[in-house]
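One-letter residues, chain by chain:
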Amino acid sequence: MPEILVFYFGGLLVSGAVAVVFYYVLGGPIAALVQAVFGSRTGAVWGRASRIFMVVMVLTGALSTQWYGCSSYGDYKTIAADRRLMLQKSTDQVAGAITYGKTFVIFAAGVGAITVALLTRRSDAGGNADKTTGSPR
């Protein structure tokens, strides 16, 4: 196997480990939060879907790293000849995976905050508020 493939698949393997860390460390609280908002049956489906989508986003971040320059495939030969550049590209893969994962978590938190605000507003508008204090029952 060519040495560049070892570095490429090594970067993907470490990015896969990052995806597993995101799945268990951040996915659990996200799934619990979604179940609290949507209920146990619907929340379980959305919780699992959000965890899987987070893993896909992390792996997409790793796969989006270019291993060659924009001018031609001639840059590929330059990278394949230099171990330092291959290690840098593998590190870029892992950094891309972490960046995409962080972006997903921030975006999901924003969407979740808007969803909770809309559901709270809708339940208050439905006559579910106490007449004396104005707070939900």
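These numbers come from a predicted model, not from an experiment.

## A closer look at the overall build of the chain
Looking only at helices and strands, one finds four helices and zero strands in the chain. The helix and strand sequence of the chain, counted from the amino end, reads α-α-α-α. By residue count, 23% of the 137 residues in the chain fall in the buried class. Put simply, 70% of the contacts in the chain that link residues at least 6 apart link residues at least 24 apart. Of the roughly 9,100 Å² that the chain leaves accessible, carbon and sulfur atoms contribute 68%.

## Topic: the pattern of salt bridges
Using the criterion set out here, one finds one salt bridge in the structure. Where E3 meets R83, a salt bridge forms, and the shortest distance between an N and an O atom there is 2.5 Å. In this pair, E3 is assigned in helix α1 (residues 3–38) and R83 in helix α4 (residues 83–125), connecting sequence segments 80 residues apart. Among the residues examined, E3 registers a relative accessible area of 34% and is labelled partly exposed.

## With respect to helix α2 (residues 40–63)
Taking 1.5 Å as the rise per residue, α2 with 24 residues should run 34 Å; its terminal C-alpha atoms sit 34 Å apart, in good agreement. Looking only at α2, the buried set comprises G43, G47, S50, R51, M54, V58, G61 and A62.

## Focus: the packing of aromatic side chains
All told, the structure shown has three aromatic pairs when counted by the stated rule. On the basis of an interplanar angle of 65 degrees and a centroid distance of 5.5 Å, the ring pair of Y8 and F9 is categorised as edge-to-face. Y8 sits in the partly exposed class, given a relative accessible area of 22%. Ring geometry for Y23 and Y24: centres 5.0 Å apart, planes at 85 degrees, overall edge-to-face. Cation over ring: R51 sits above Y23, and NZ or CZ is 4.3 Å from the ring centre.

## Digging into the side chain of Q93
Tracing the chain through its elements places Q93 in helix α4. Looking at Q93, the relative accessible area reads 0%, which means it is buried. Not counting chain neighbours up to four residues away, the residues in contact with Q93 comprise F7, Y8, G11, L12, S15, G61, A62, T65 and W67.

## Points about the packing of α1 against α2
Following both chains from N to C, one finds α1 and α2 inclined at 155 degrees, their axes separated by 7 Å at the closest point. Considering the angle they form, α1 stands roughly antiparallel to α2. Like other packed secondary-structure pairs, α1 and α2 cross with a definite hand, here right-handed. Looking at the contact of α1 with α2, its residues break down into 20 nonpolar, ten polar and two charged.

## Re a nonpolar patch on the surface
Together, V20, V21, Y24, V25 and L26 give the surface a local cluster of nonpolar side chains, amounting to about 480 Å² of exposed area. Inspection of the secondary structure assignment puts V25 in helix α1.

The rules behind the values
- Residues numbered from 1 in each chain as written.
- Predicted model: local features only at pLDDT ≥ 70, side-chain atom pairs only at ≥ 80, totals over all residues.
- Heavy atoms only, no water.
- Helix = DSSP H or I, 4+ residues; strand = E, 2+ residues; numbered from the N terminus.
- Buried < 20%, exposed > 50% of the residue type's maximum accessible area, 1.4 Å probe, protein only.
- Contact = heavy atoms within 4.5 Å.
- Areas by Shrake-Rupley, 256 points an atom, 1.4 Å probe, with all protein chains shown as cover.
- Salt bridge = Lys/Arg side-chain N within 4 Å of Asp/Glu carboxyl O.
- Expected span 1.5 Å × (residues − 1).
- Phe/Tyr/Trp six-rings, centres within 6.5 Å; stacked < 30°, edge-to-face > 60°.
- Lys NZ or Arg CZ within 6 Å of the ring centre and 35° of its normal.
- Axes fitted to C-alpha atoms, helices over the stretch in contact; angles between N-to-C directions.
- Parallel < 35°, antiparallel > 145°, perpendicular 65-115°, else oblique.
- Left-handed = near helix turned anticlockwise from the far one by under 90°.
- Nonpolar A, V, L, I, M, F, W, Y, C, P; charged D, E, K, R; others polar.
- Patch = residues over 30% accessible without salt bridge, like charges linked within 9 Å, V, L, I, M, F, W, Y side chains within 5 Å.

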